[in-house]
Amino acid sequence: TQLLEQSPQFLSIQEGENLTVYCNSSSVFSSLQWYRQEPGEGPVLLVTVVTGGEVKKLKRLTFQFGDARKDSSLHITAAQPGDTGLYLCAGHPSGNTPLVFGKGTRLSVIA
Amino acid sequence: DAGVIQSPRHEVTEMGQEVTLRCKPISGHNSLFWYRQTMMRGLELLIYFNNNVPIDDSGMPEDRFSAKMPNASFSTLKIQPSEPRDSAVYFCASRRAGGPYEQYFGPGTRLTVT
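All values reported here derive from a predicted model rather than from experimental measurement. (Residues numbered from 1 in each chain as written. Chains lettered and ligands numbered in written order. Predicted model: local features only at pLDDT ≥ 70, side-chain atom pairs only at ≥ 80, totals over all residues. Heavy atoms only, no water.)

### Observations concerning the sheet that holds strand 1 (residues 5-7) of chain A
All names here are of chain A. Selection rule: Pairing between strands requires that DSSP locate at least two bridges from one strand to the other. By definition, any uninterrupted DSSP run of H or I lasting at least four residues is a helix, any uninterrupted run of E lasting at least two residues is a strand, and each is numbered from the N terminus. Convention adopted: a line fitted to C-alpha atoms gives each axis, helices being fitted over their contacting stretch, and angles between N-to-C directions are expressed from 0 to 180 degrees.
Pairing is antiparallel across the open sheet formed by 5 strands, whose spatial order is 1-3-8-7-6. Edge strands, defined here as strands with exactly one partner in the open sheet, are strand 1 and strand 6 (55-58). The sheet shows a mean angle of 15° between the axes of neighbouring strands, taken without regard to direction. Direction of pairing for strand 3 (residues 19-24) relative to strand 8 (residues 71-76): antiparallel, over a ladder of 6 bridges. Pairing of Leu 19 across the sheet is with Ile 76, part of strand 8.

### Remarks on the environment of Arg 64 of chain B
All names here are of chain B. The cut-off we apply is this: Note on contacts: a residue pair is in contact if any heavy atoms of the two residues lie within 4.5 Å. A 3.5 Å cut-off defines polar contacts: any pair of N or O atoms within that distance qualifies, except that in protein one atom must be a possible hydrogen donor and the other a possible acceptor, and neighbouring residues in sequence count only when both atoms are side-chain atoms.
Tracing the sequence through the fold places Arg 64 in the loop between strand 6 (53-56) and strand 7 (65-71). With 19 residues separating them in the primary sequence, Arg 64 and Leu 45 have C-alpha atoms 16 Å apart. If we ignore the near neighbours within four places in the chain, the residues touching Arg 64 are Lys 78, Ile 79, Gln 80, Pro 81, Ser 82, Glu 83, Arg 85 and Asp 86. Polar side-chain contacts of Arg 64 include one of 2.8 Å to the backbone oxygen of Pro 81. A distance of 2.7 Å separates the side chain of Arg 64 from the side chain of Asp 86, its partner in a polar contact.

### What to know about the interface of chain A and chain B
The cut-off we apply is this: The term buried area means the drop in 1.4 Å probe accessible area that two parts suffer when joined, counted for both and summed. Here a salt bridge means any side-chain nitrogen of Lys or Arg lying within 4 Å of a carboxyl oxygen belonging to Asp or Glu.
Of the residues lining the interface, 21 residues belong to chain A; the matching set on chain B comes to 22 residues. Across the interface of chain A and chain B, roughly 1600 Å² is buried in total on both sides, 54% from carbon and sulfur atoms. Of all residues in chain A, the largest losses of buried area upon contact with chain B belong to Asn 96, Pro 98 and Phe 101 of chain A, amounting jointly to 31% of the total for that side. There are 0 salt bridges connecting chain A and chain B. Breaking the side of chain A that touches chain B down by element, the ones donating at least two residues are strand 4 (31-37), strand 5 (44-49) and strand 9 (85-92) of chain A.

### Focus on the pairing of strand 5 (residues 42-50) of chain B
Residue and element names in this part refer to chain B. Heads up, the rule is: To sort residues, take the accessible area from a 1.4 Å probe on protein chains only and compare it with the maximum for the residue type: under 20% means buried, over 50% means exposed, and anything in between is partly exposed.
Most of strand 5 sits out of view: 8 of its 9 residues are buried. For strand 4 (residues 31-38) and strand 5, the ladder comprises 8 bridges, and the chain directions are antiparallel. Within the sheet, the bridge partner assigned to Gln 37 lies in strand 5 and is Leu 43. Where strand 4 folds back on strand 5, the antiparallel hairpin that results is connected by 3 residues. Of the pairings in the sheet, the one linking strand 5 to strand 6 comprises 3 bridges and is antiparallel in character. Paired with Phe 49 across the bridge in strand 6 is Pro 54.

Rendered as structure tokens:
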């Protein structure tokens, strides 16, 4: 069974600080996706990384896929209260199979 | 384009009652997934369909749970009889067949069984 471990589970920071969230596995994934979920809503896809070593930027968010395609990180620069939410990473093993989800990192950015 | 549509958004029912959750996937998507989310267990996959055919229902907790997909634009998840431990948020998600396998979630149904 493939597993994705996310860390930290909870993170509470002040507005303007930087943070990094990690997503690790012992398994190789063909791609990895990051989602953000706000209270009362479904997860919303932020980005998909496909190539080992790939880096994608989305405004103040930087996503990296590990060279071996077993891990990923999400870095947020100058966090804002609007970044508050549950961040989920999800790995796609291969073929038309379900995603493997991590348990999420719950981020709270305090103004 | 409309996203994944789920109904109802909230359901409160008494133990023993039948509950039916509904989902309309994004048009053109071939795969549909049902998830359950709780604080304790996170997001759990219950069952998924490819081209309306159930592929893996090993995540369905008990025989009280059943799911159908009669056509490409509609699916139901039924719980009969419901129990308090079924209280959770249930999500439906859909995606196209073929890479990069990006999933799109509905807004969820918050189920409370008293």
